[in-house]
Amino acid sequence: MNNYLEKLNDEQKLPVLHKNGPLIVIAGAGSGKTRVLTYRIVHLINKGVDPFNILALTFTNKAATEMKKRISEIISESISKNIWMGTFHSVFARILRSEAPLIGYPTNFTIYDTYDSEKLISNIIKELQLDKDNYKAKKIRNRISSLKNNFITVDGYFKNPELLEIDKASKTEEFGKIYKEYVRRCFKACVMDFDDLLLKTNELLNKSPETLLKYQDKFKYILVDEYQDTNYSQYLIVKSLADRYENLCVVGDDSQSIYSFRGANIDNILNFRKHYPDSKSYKLEQNYRSTRNIVEAANSLINHNILKLDKTIWTNNNIGDKVILNKSLSDADEGRFISSNIFEMKSNFYLKNSSFAVLYRTNAQSRSIEDALRKINIEYQVFGGLSFYQRKEVKDILAYLRLIENINDEESLRRIINFPPRGIGQATLDKLMILSNEHDVSLFDAISKINPNTKRFSTRTIEKLENFKNLVLSFKIYSNSNNAYETTSLVINKTKLIDFYRNEGTLESSNRIENIEELLNGVNDFIQQQSEVFEGDNSLSKYLQDVALYSETDKDIHSEKVSLMSIHMAKGLEFPIVYVVGLEENLFPSIMSINSREEIEEERRLFYVAMTRAKEKLILSHCEQRFKWGNIIDCEPSRFIGEVDDKFLQRNNTNKNYITQKINENKLRLKKIPNRSFKKIKTNTISSFKKYKINININDKVYHDRFGEGKVIEIEGEGNNIRANINFKINGEKKILLKFAKLKILK
DNA sequence: TTTTCAAGAATTTTT
DNA sequence: TTCTTGAAAA
């Protein structure tokens, strides 16, 4: 045990040494917040607190892992592993896994993500025969989510005249009906959505005083990171758990509250002193991360916000370069500026790709940056957007797995009952739904309730349904005595999904096959990890639990790649060189937020977060025109640019070749750009493709790993789509995408 | 029931 | 532009 207290400055030491009772730490960007949390936990343990009695709630799983690692380095891993640490969602999912029966749920409940919930809601809207122009599934889901995050149940909704009035005014009088049915269906399917993990935890703690007491006694010390982004439900949970001992430590920065769309309530942090009158308040104001220019530029921006706690962030660091402000003609131009700038800096300062991050307001903006980086072969990694686990083929296989685990899961069943096609269409599904309501059983169990005499189903259909049922049941039995990897392999083999995609033979299906293989590798990694953990659990059930709460923020940053991500995703991270792109009105601040002062303030905080990610250099960028849905749109510079004090800015005037660039760009646009509708996971396949491109000719004899020996008949397509029609000796004629095929040319 | 095709809609951030 | 949805054809 080294002397950790020496590694803290005076203002950091105070909250670490604070003994019992509530405390709040207002920690400016880059002020060593994680360090304080880490050392406070170490200090508590040092002073005799049992690690079993500590609960630390973080914003991402990665942050938890990171903190655990740091603690392990100071004290031993055998001690630190006993601390409960994780996101609200994962910690309380874990608790619900054992306590769910107390609120009528089984322990093997499935967790729905946003997409699943929306699907279910849109089904309900259809069933209730509501006008879908008025009742948009997405909006309804958001509304349900925000009610749940404010701990307003269905009953609470119907008892609240104001809420009813709102729905009446917006012509969605039936909202309550949808909410009620949604909750009923989730319950019936043994499903919780993200918001339920918090809402049901509150229900559990309210309903069962013994359970509340049990966890109050267990978690004698509670620490909450990123407190500014907690919602009301989370506030309630923390409040009930901390009620007995009041050893609650919350850390956050009101200037970095950026999740109100997810229910985050900045009042939680602003009113902490009111909620806990006996609490002590500490401030961390010294920034260790960024140069003085960056810190002060960011300060000058955030000073435009009215709603904030009083604090002054300062730094002892070097003054550094001024913040660069770039103006480009178009989004493509902006991409080119960034890629060439990265290239230049890399060679001037011997930097790794991982020193750079490009941050944007919306995920869609990554494309122009990706294109530009790809063109000059700079490796990059995109975070967020369509994540791996949201891809169709991956979700399909997960749906099989989830159905195996929880046979009542309605959405998973709907997803795969006819995929790959087995002749069970909408009409059959509708009838099955009626049957399930009649007998009050799940969709899956409704199959067993079919009575051949009632003639609702044809014999042919009954047979198909029976086959499906038996297939799933055989998977289920197999999974009881086999691990997650073996079960997943079995599912992939028996459903012949890879063959299904192989037969399609398109570039897209090749991509899908790759992703399925990637998923299988992921399951294998999981098995490996579990084998290294004491009493590891390699069951399907454990795997699904892990996957449900995995998020893009948990993804590792690759040391040889430039990071591309939304600003939201960049929270908590830092990079030597940061580009913030698309600083234009209606984009940043978003067009959705320009109508209210509060929302503009949140956008400003978002920009503040973006700026303070940078350690050495910060480059801001905006364009005059942007390509959007096939149209060119003129863009005004963001109001935020003008709010950064000019003395910290240096305007970039490198774009001398405006006109030639514009002409070239238009030429490019006229040329049909190859279809890029699928995002790549592995960026390196592109470069390997280039090598193949030229090598193959008609009449070449080739060897393919799967199909064996064959002869090239024709070559067609362009760019990424180049395909060779090959006649294989054993497998016959097949179209192969050169981008992915590992072909050997035989002499 | 499945496949195909055309018209229409959508554009914010995520556990 | 790209994705979704719905109707018509097979």
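A short tour of the structure in this document, coming up.

So, how was this worked out
- Counting restarts for each chain, with residues numbered from 1 along the sequence as it is written.
- Working convention: letters from A go to chains and numbers from 1 go to ligands, in the order in which they are written.
- Two thresholds apply to this predicted model, a pLDDT of at least 70 for residue-level local features and 80 or more for giving and counting side-chain atom pairs, whereas whole-chain, interface and lining totals are computed over all residues.
- Side-chain measures were taken over the full set of non-hydrogen atoms in the model, leaving aside hydrogen atoms and water.
- For this description, a residue counts as near a given molecule or strand if any of its non-hydrogen atoms is within 4 Å of it.
- Here a polar contact means two N or O atoms within 3.5 Å. Within protein one must be a hydrogen donor candidate and the other an acceptor candidate, and residues neighboring in sequence count only if both atoms are side-chain atoms.
- A run of H or I in DSSP becomes a helix once it reaches four residues, and a run of E becomes a strand once it reaches two; helices and strands are each numbered from the N terminus.
- The classification of residues rests on relative accessible area computed with a 1.4 Å probe and restricted to protein chains. Under 20% of the type maximum is buried, over 50% is exposed, and intermediate values are partly exposed.
- For two strands to count as paired, DSSP must find a minimum of two bridges between them.
- In this analysis, axes come from line fits to C-alpha atoms, helices being fitted only over the stretch in contact, and the angle between any two N-to-C directions falls in the range 0 to 180 degrees.
- Residues count as neighbours in contact if any of their non-hydrogen atoms are within 4.5 Å of one another.
- A right-handed crossover is one whose linking path, passing over the helix from the first strand to the second, runs clockwise when the strands point away from the viewer.

## As for the protein's contact with DNA strand B
Around DNA strand B, the structure places 27 residues, and the nearest of them are Arg361, Gly423, Ala427, Thr428 and Trp629. Lysine 138 places a polar side-chain atom, nitrogen or oxygen, 3.4 Å from a phosphate oxygen of DNA strand B. One of the backbone N or O atoms of asparagine 363 is found 2.9 Å from a phosphate oxygen in DNA strand B. Breaking the surface near DNA strand B down by element, the ones donating at least two residues are helix H21 (426–439) and helix H28 (567–570).

## Some remarks on the environment of asparagine 515
Within the secondary structure, asparagine 515 is located in helix H26 (residues 507–532). Take asparagine 515: its relative accessible area is 4%, and that puts it in the buried class. Each C-alpha atom, one on asparagine 515 and one on arginine 613, is 32 Å from the other, the two residues being 98 residues apart in sequence.

## A word on unusual backbone geometry
In this structure, the amide linkage connecting phenylalanine 419 to the following residue, proline 420, adopts the cis form with an omega of -5°. Note the cis peptide between phenylalanine 588 and proline 589, where omega equals 10°. One can find proline 589 in the loop between strand E15 (575–580) and helix H29 (597–611). The phi torsion at phenylalanine 151 lies on the positive side, around 55°, for a residue other than glycine. Position of phenylalanine 151 relative to the elements: it lies in the loop between helix H7 (137–149) and helix H8 (154–158). Residue lysine 171 is not a glycine yet carries a positive backbone phi of 55°.

## So, the sheet that holds strand E2 (residues 54–58)
Pairing in this open sheet of six strands is parallel, and the strands run E3-E2-E6-E7-E1-E8 from one edge to the other. Either end of the sheet is taken by a strand with one partner, and the two such strands are strand E3 (84–87) and strand E8 (280–284). Along the sheet, successive strands turn relative to each other by an average axial angle of 15°, direction set aside. For strand E6 (residues 221–224) and strand E7 (residues 248–252), the ladder comprises three bridges, and the chain directions are parallel. The residue bridging leucine 223 from the neighbouring strand is cysteine 249, located in E7. Helix-sheet contacts for helix H1 (residues 10–17) involve strand E1 (23–27) and E8, and the interaxial angle to E8 is about 150°. Strands E2 and E3 of the sheet are contacted by helix H3 (residues 61–74), whose axis makes an angle of about 150° with E3.

## With respect to helix H18 (residues 366–375)
Turning to H18, its buried residues number three or more, namely Ser366, Ser368, Ile369, Glu370, Ala372 and Leu373. Among the structural elements, helix H17 (331–349), strand E12 (356–360), strand E13 (380–382) and strand E14 (562–566) are those in contact with the buried residues of H18. Phi turns positive, to about 55°, at asparagine 377, one or two residues after H18.

## A closer look at the side chain of glutamate 584
By secondary structure assignment, the location of glutamate 584 is in the loop between E15 and H29. Residue contacts for glutamate 584: discarding those within four places in its chain leaves Pro589, His622, Cys623, Arg626, Cys635, Glu636, Pro637 and Ser638.

## Looking at the environment of glutamine 129
On the secondary structure map, glutamine 129 appears in the loop between helix H6 (114–127) and H7. A sequence separation of 65 residues divides glutamine 129 from alanine 64, and the C-alpha atoms of the two residues are 45 Å apart.

## Focus: the pairing of strand E16 (residues 614–623)
Within E16, eight of the 10 residues are buried, which leaves the element mostly enclosed by the surrounding structure. Here E15 runs beside E16; their pairing, made up of five bridges, is parallel. Note that in E16 the partner of isoleucine 577 across the bridge is lysine 617. In this fold, the crossover linking E15 to E16 by way of H29 has right-handed handedness.

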